[in-house]
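Below are the chains, spelled out letter by letter.
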Amino acid sequence: MKRVLVMFCVFLVLGASFMPVFNCRSSETRINAPILLASIKLPSNHRILLDSCHSSEAIFQNNSFEFVAESTDVFSDVNGFRPYPWGGEIFLGEISFLCSRDNYMGRRSFMVQGKNKSDHGAIAVPDLFLKPNVDSEELYYVSFWVKYEVQEGEFRLVHQFFLPDDEKYPSYACYGPWIKGSSHGDWEYFGLIVQSPSGVWKGDPVLEFKGKGAVFADNAYFGKIKIIEEVINSENP
């Protein structure tokens, strides 16, 4: 009977270790997973008018990763440099980052690299107070020029939105499609449109990477947009 009781306690502890983690906020308990937002798909006769690029509350936006600073924080690259206020976030495994001279325009890009299929990280604006302020119920666009060589894995663009009482985890997120394979040495352009939810105050432009390979990012954009319908005149002149 004692042996059965001991085994029951062991399985109880193991079972508890695999339970999902919850994050307490105010008097509520909620899962860390954000509420998913649908991206906006444009018809072929619509185009985007970009507003000012405002990816951060830092004085310098540094959206082309031109300016780097020596830093000892966890968001810096393998040489201790960071394209502040941007940075690299490691979620799992042997993800590394590099302020690279291989670029689309200018002098630099920011590279994320994984060594194993399970590696997981992101290029983002990591510090909450530096993330861009956003307005409710507006159209926002995030885009990057990227060059990629991914053997086992994929990457995607992500919008995240924070409510005023969010701390570590966002309340909302919009995920673009996973992109795999290789750009064969060319730079390609990817963008993602979403409408911000009501009550949010911070946005977060993200390039998320999982797996083995490398992705170079350059010329990031985050900001409001307007969608314009083009009128096509079918009459003969």
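Residues numbered from 1 in each chain as written. Predicted model: local features only at pLDDT ≥ 70, side-chain atom pairs only at ≥ 80, totals over all residues. Heavy atoms only, no water.

Some points on the overall build of the protein chain
Step number 1: Per the secondary structure count, the protein chain includes one helix and 14 strands.
Step number 2: For the protein chain, with 237 residues in total, the buried portion stands at 44%.
Step number 3: Within the structure as shown, the protein chain displays about 13,500 Å² of accessible surface, and the carbon and sulfur contribution to it stands at 57%. (Helix = DSSP H or I, 4+ residues; strand = E, 2+ residues; numbered from the N terminus. Buried < 20%, exposed > 50% of the residue type's maximum accessible area, 1.4 Å probe, protein only. Areas by Shrake-Rupley, 256 points an atom, 1.4 Å probe, with all protein chains shown as cover.)

Let's talk about the pattern of salt bridges
Step number 1: Across all of its chains, the model carries ten salt bridges by this definition.
Step number 2: Of the charged contacts, one joins Asp73 and Arg82 as a salt bridge, the two residues approaching to 2.7 Å between their closest N and O atoms.
Step number 3: Judged by relative accessible area, Asp73 falls into the partly exposed class, the value being 30%.
Step number 4: With its nearest N and O atoms 2.7 Å apart, the salt bridge here joins Arg156 to Glu208. Of this pair, Arg156 sits in strand β11 (residues 139–162) while Glu208 sits in strand β14 (residues 202–229), placing them 52 residues apart in sequence. The burial state of Arg156 is the same as that of Glu208; both residues are buried. (Salt bridge = Lys/Arg side-chain N within 4 Å of Asp/Glu carboxyl O.)

Thoughts on the environment of Leu157
Step number 1: Counting through the fold element by element, Leu157 comes out in strand β11.
Step number 2: Distance in space between the C-alpha atoms of Leu157 and Val142 is 7.5 Å, their sequence separation being 15 residues.
Step number 3: Beyond its immediate chain neighbours, meaning those up to four positions away, Leu157 contacts Val142, Ser143, Phe144, Cys174, Tyr175, Gly176, Phe190, Gly191, Leu192 and Val206. (Contact = heavy atoms within 4.5 Å.)

Focus on the side chain of Lys131
Step number 1: Mapped onto the secondary structure, Lys131 falls in the loop between β10 (120–124) and β11.
Step number 2: With residues up to four places along the chain from it excluded, the contact list for Lys131 reads Ser56, Glu57, Val125, Pro126, Phe162, Lys202, Gly203 and Asp204.

Describing the pairing of β11
Step number 1: Burial runs high along β11: 18 of the 24 residues are buried.
Step number 2: Bridge analysis of β11 against strand β13 (residues 188–195) gives eight bridges, and the strand direction is antiparallel. Pairing of Trp145 across the sheet is with Tyr189, part of β13.
Step number 3: With 21 bridges joining them, β11 and β14 adopt antiparallel strand pairing. Note on β14: the bridge partner recorded for Tyr141 is Gly223. (Pairing = 2+ DSSP bridges.)

What about unusual backbone geometry?
Step number 1: Omega for the bond connecting Tyr84 with Pro85 falls within 30 degrees of zero, at 10°, which places this linkage in the cis form.
Step number 2: Along the chain, Pro85 falls in the loop between β6 (81–82) and β7 (87–92).
Step number 3: The residue Asn62 is not glycine, and still its phi comes out positive at about 55°.
Step number 4: When you line up the elements, Asn62 lands in the loop between β4 (46–50) and β5 (69–70).
Step number 5: Look at Asn62 and you get buried, because its relative accessible area is 8%.

Comments concerning the layout of surface pockets
Step number 1: Taken as a whole, the largest pocket spans an internal volume of roughly 560 Å³.
Step number 2: Lining the largest pocket we find 25 residues, and of these Glu89, Phe91, Gln160, Lys168 and Pro170 sit closest to its centre.
Step number 3: Looking at the lining of the largest pocket, the elements with two or more residues in it are β7, β10, β11 and β14.
Step number 4: When residues of the lining of the largest pocket are assigned to their parent elements, the largest contribution, four residues, is made by β11.
Step number 5: A per-class count over the lining of the largest pocket returns 15 nonpolar, three polar and seven charged. (1 Å grid on protein atoms, 1.4 Å probe; cavity = no way out; pocket = protein on both sides within 12 Å on 5 of 7 lines; lining within 4 Å. Points joined across faces, edges and corners; volume = space filled by probe spheres on them. Nonpolar A, V, L, I, M, F, W, Y, C, P; charged D, E, K, R; others polar.)

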